[in-house]
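# Chains, contacts and geometry: an overview
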Amino acid sequence: MERGGSCRGFSREMEVPLEVLRQRESKWLDMLNNWDKWMAKKHKKIRLRCQKGIPPSLRGRAWQYLSGSKVKLEQNVGKFDELDLLPGDPKWLDVIERDLHRQFPFHEMFVSRGGHGQQDLFRVLKAYTLYRPEEGYCQAQAPIAAVLLMHMPAEQAFWCLVQICEKYLPGYYSEKLEAIQLDGQILFSLLHKVSPVAYKHLSKQKIDPILYMTEWFMCAFSRTLPWSSVLRVWDMFFCEGVKIIFRVGLVLLKHTLGSSDKLKSCQGQYETMERLRALSPKIMQETFLVQEVRRW
Amino acid sequence: MAKQYDVLFRLLLLGDSGVGKTCLLCRFTDNEFHPAHISTIGVDFKMKTIEVDGIKVRIQIWDTAGQERYQTITKQYYRRAQGIFLVYDISSERSYQHVMKWASDVDEYAPDGVQKILIGNKADEEHKRQVAKEQGLQLAREYGMDFYETSACSNLNIKESFTRLTELVLQAHRKELAGLRAAAAPADLARLDEDELPPAGAEEAPKACWC
């Protein structure tokens, strides 16, 4: 089926055998029930299990534990309901409303205008503008919140969003977007080490990182990768933080522009940008991607 | 081998979030309209070659996120544009009011000779109209711009407005582009690294290429 590599590595979706899945679920249940102990003493093990993929049935819960949003909610009981009742600043409401139907429009949760998914998305995003009025709403928060809502109720999703905006990707969504521009530069200098060929090519073509990494990073790849890969990346991201986002970016760049062979068909600026917008499914496939990310 | 195009330049779509910039672009380049689509985060672009007055023009059209805070990212691309669409949504008074702000940003950051046209999109949504056609015309007159009401959904005035802006850019650069059809290499007005493009009609501009 595939040249060189194993067929399994490039199969369309990794099917975890039921037995393995049950085992993983019971391991995760044990971890979640004794979370503080695990975090204090066996963090490496948690990391490994996140890399292997969190069982779908427990993913939403696990993300809340990993991100610390569970604790945050417990410290702020009633806060979300309070924010939920406030009207909100019309300046933000207008922009948010224009975005509600433009997140995962083919996902059953968000497909209908005014449906539950879109209503919850509105509530979560509006609540954030009231929670951090100085930051308000940034358009890239919508896909992040939408992914969270696919896994947990609105209140939980809100606190998880808070953790992402404040702990995982601080400054990404705030007024001047400085953090994302800085991380673009950092990504580019890391690329110099990881793939000098790709680095040289992008430098020569004068393609600024902001042109290809803004959506990748701000949406934590939720709009870029196939769905099964998004979930695996987020499992690792919640455990290990922003470095996972950097690694995924570097893997994608390296495997897209990292050899003279690959560059033959994208000599110009436009061709290169096109290539980065339409990445090869092979390199985004979950098993391959996770394996490459774990190599670091 | 024959040239695939005679000249290459860059156009930019600006306007509030949700006015339909991406849909205008998709309709023009791929003749497609997707009611279900995602918001633009950051910058994106598409290419299309059209023929105007016998000149094959390859246009690179940049699509930008409309939310204000993305301007810190998108502004750096203003000065590399030769033509700009200022887009509002006829069903949103707010987006119309904001055209003035977009226009003043263009004055500040885009090159002097940049060509602009005004677009009132979503003309098919007559039942939701908040901005009269006359208001669009009046604003365009004030700024000395051409004006089109368009609909990406019903394919109204899409080709016309893109062709018009292309013509305006060609006219503005006619000196540099003189003798183009006879030239062996295409003129490239849109290199990303060409930061210091001379303004339209600059005397010292070389014949057909600023590379």
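Residues numbered from 1 in each chain as written. Chains lettered and ligands numbered in written order. Predicted model: local features only at pLDDT ≥ 70, side-chain atom pairs only at ≥ 80, totals over all residues. Heavy atoms only, no water.

Looking at an unreviewed UniProt entry, one finds chain B named Ras-related protein Rab-15 and attributed to Nothoprocta perdicaria. Under Subunit (unreviewed entry), UniProt gives the following word-for-word description of chain B: "The GTP bound form of RAB15 interacts with REP15. Interacts (GTP-bound form) with MICAL1, MICAL3, MICALCL, EHBP1 and EHBP1L1." (UniProt positions renumbered as here; feature names shortened; annotations may be inferred.)

Per an unreviewed UniProt entry, chain A carries the name TBC1 domain family member 10A and comes from Nothoprocta perdicaria.

Residue and element names in this part refer to chain A. Tracing the chain through its elements places E25 in helix α1 (residues 18-33). Of note is the side chain of E25, whose polar atom sits 2.8 Å from the side chain of R22. The residues contacting E25, other than those within four sequence positions of it, are P55, S57 and L58. (Helix = DSSP H or I, 4+ residues; strand = E, 2+ residues; numbered from the N terminus. Polar contact = N/O pair within 3.5 Å; in protein donor to acceptor, adjacent residues only side chain to side chain. Contact = heavy atoms within 4.5 Å.)

With that out of the way, let us pick up the packing of aromatic side chains. Residue and element names in this part refer to chain A. Per the stated rule, a full pass over the model turns up 28 aromatic pairs over all chains. With a centroid separation of 5.5 Å and 40° between ring planes, the pair formed by W63 and W234 is classed as tilted. Of the two residues, W63 is situated in helix α4 (residues 59-67) and W234 in helix α14 (residues 227-240); the sequence distance between them amounts to 171 residues. The two residues W63 and W234 agree in class, both being buried. Taken together, a centroid distance of 5.1 Å and an interplanar angle of 90° make the contact between F217 and F246 edge-to-face. With F217 in helix α13 (residues 209-218) and F246 in helix α15 (residues 242-257), this residue pair connects regions lying 29 residues apart in the sequence. (Phe/Tyr/Trp six-rings, centres within 6.5 Å; stacked < 30°, edge-to-face > 60°. Buried < 20%, exposed > 50% of the residue type's maximum accessible area, 1.4 Å probe, protein only.)

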